[in-house]
Amino acid sequence: IVTDAGCVTLKQYTSQHSDGDPHDIEGFVVPISADEPLLDTDDSFADPLIRLATSWLMKTPWIIAGDEECVPLRHSPYCYGFEPNGSHIQLYFYEGTEGEVETLLMDPIDLELEELVTASLEMGNDVLTWAMQLNDGDTDEDLAELKETLEEARKAWQAHKHKDSR
């Protein structure tokens, strides 16, 4: 993702490495700029990685539509926030609830919508590919939901681009 501050990309990190069940692996999504993480992370930010990627992608169509959204972590009081700002989105990370920011843990980054969506789709695809490999190619309920959510986000993005090109 290219921003005024330089090159930013979304990376998913696992806090627990395993060749076992991908559902047991927790991790987090970290924006990276110039090879430096923009968020200091520790395992308290970790969430089940497949569920986190699915939740992030579920919000993507709403973000595309211009809605303010957040992705709350399931096992901690932290959230990723997305706030529309014209054709840009501000991405931030905070302690709080879906409705209230208590402590900002990462200053907002101003991203172009296209770059955020593209990076989100790539991140979702990476998590799906990785989980399918660990799951010996089998698709269970969680992986089917991630795959379906990824496809819905892609469709929403294609519809948005088509609408903008008219």
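Preceding this section is the structure that the text describes.
Quick caveat, the model's predicted, so the values are computed rather than measured. (Residues numbered from 1 in each chain as written. Predicted model: local features only at pLDDT ≥ 70, side-chain atom pairs only at ≥ 80, totals over all residues. Heavy atoms only, no water.)

Trainee: Even after reading the chapter, I still don't get the overall build of the protein chain, so can you show me in this structure?
Mentor: The helix and strand inventory of the protein chain stands at 3 helices and 9 strands. Counted from the first residue to the last, the protein chain has its helices and strands arranged as β-β-β-β-β-α-β-β-β-β-α-α. The 166 residues of the protein chain split such that 43% are buried. The long-range fraction of contacts in the protein chain, counting pairs at least 24 apart against all pairs at least 6 apart in sequence, stands at 47%. Approximately 8,700 Å² of the protein chain is accessible, and the part contributed by carbon and sulfur atoms is 44%. (Helix = DSSP H or I, 4+ residues; strand = E, 2+ residues; numbered from the N terminus. Buried < 20%, exposed > 50% of the residue type's maximum accessible area, 1.4 Å probe, protein only. Contact = heavy atoms within 4.5 Å. Areas by Shrake-Rupley, 256 points an atom, 1.4 Å probe, with all protein chains shown as cover.)

Trainee: Could you clarify how one ought to interpret the packing of helix 2 (residues 113-134) against helix 3 (residues 141-165) in this entry?
Mentor: Each pair of packed helices can be described by the angle between their axes along with the distance between the axes. Packing of helix 2 against helix 3 brings their axes to within 10 Å, and their N-to-C directions diverge by 155°. The angle between helix 2 and helix 3 falls in the class roughly antiparallel. Note that helix 2 runs across helix 3; the crossing there is left-handed. Contact residues: helix 2 offers Leu113, Glu114, Val117, Leu121, Gly124, Asn125, Val127, Leu128, Ala131 and Met132, while helix 3 offers Leu143, Leu146, Lys147, Leu150, Ala153, Arg154, Trp157 and His160. Here the contact of helix 2 with helix 3 is composed, by residue class, of 12 nonpolar, 3 polar and 3 charged. (Axes fitted to C-alpha atoms, helices over the stretch in contact; angles between N-to-C directions. Parallel < 35°, antiparallel > 145°, perpendicular 65-115°, else oblique. Left-handed = near helix turned anticlockwise from the far one by under 90°. Nonpolar A, V, L, I, M, F, W, Y, C, P; charged D, E, K, R; others polar.)

Trainee: Sorry if this is basic, but what is going on with the nonpolar core here?
Mentor: Generally speaking, nonpolar side chains in soluble globular proteins are found buried as a group. Residues Tyr80, Phe82 and Phe93 are the most contacted members of the largest nonpolar core, which totals 39 residues. Those elements that place two or more of their residues in this core are strand 3 (26-33), helix 1 (49-64), strand 7 (78-85), strand 8 (88-97), strand 9 (100-112), helix 2 and helix 3. (Core = buried A, V, L, I, M, F, W, Y, C linked by side-chain atoms within 4.5 Å.)

Trainee: Is there a simple way to explain helix 1 in this structure?
Mentor: Because an α-helix packs 3.6 residues into every turn, residues spaced three or four apart end up facing the same way. Taking 1.5 Å of rise per residue, the 16 residues of helix 1 would be expected to cover 22 Å, and the 23 Å separating its terminal C-alpha atoms lies within 8% of that figure. The buried fraction of helix 1 is high, at 12 of 16 residues. For helix 1, the set of buried residues is Leu49, Ile50, Leu52, Ala53, Thr54, Ser55, Trp56, Leu57, Lys59, Thr60, Ile63 and Ile64. Phi for Gly66, located one or two positions after helix 1, is positive at around 100°. (Expected span 1.5 Å × (residues − 1).)

Trainee: Help me out: how do you make sense of the sheet that holds strand 7 in this one?
Mentor: Backbone-to-backbone hydrogen bonds pair the strands of a sheet. The strands run either parallel or antiparallel. Taking strand neighbours across the sheet as the criterion, the 4 strands line up as 6-7-8-9 in an open arrangement whose pairing is antiparallel. Every interior strand has two partners, whereas the edge strands, strand 6 (69-72) and strand 9, have only one. This sheet shows a mean twist of 20° between the axes of neighbouring strands, independent of strand direction. In terms of strand pairing, strand 8 meets strand 9 through 9 bridges, oriented antiparallel. Note on strand 9: the bridge partner recorded for Ile89 is Leu111. This element, helix 1, spans strand 6, strand 7 and strand 8 of the sheet and lies at about 175° to strand 6. Helix-sheet contacts for helix 2 involve strand 7, strand 8 and strand 9, and the interaxial angle to strand 9 is about 105°. (Pairing = 2+ DSSP bridges.)

Trainee: Whenever I open this one, the environment of Leu49 confuses me. Can you help?
Mentor: The topology assignment puts Leu49 in helix 1. Classification of Leu49 as buried rests on a relative accessible area of 2%. Taking the C-alpha atoms as reference points, Leu49 and Asp24, 25 residues apart in sequence, are found 8.5 Å from one another.

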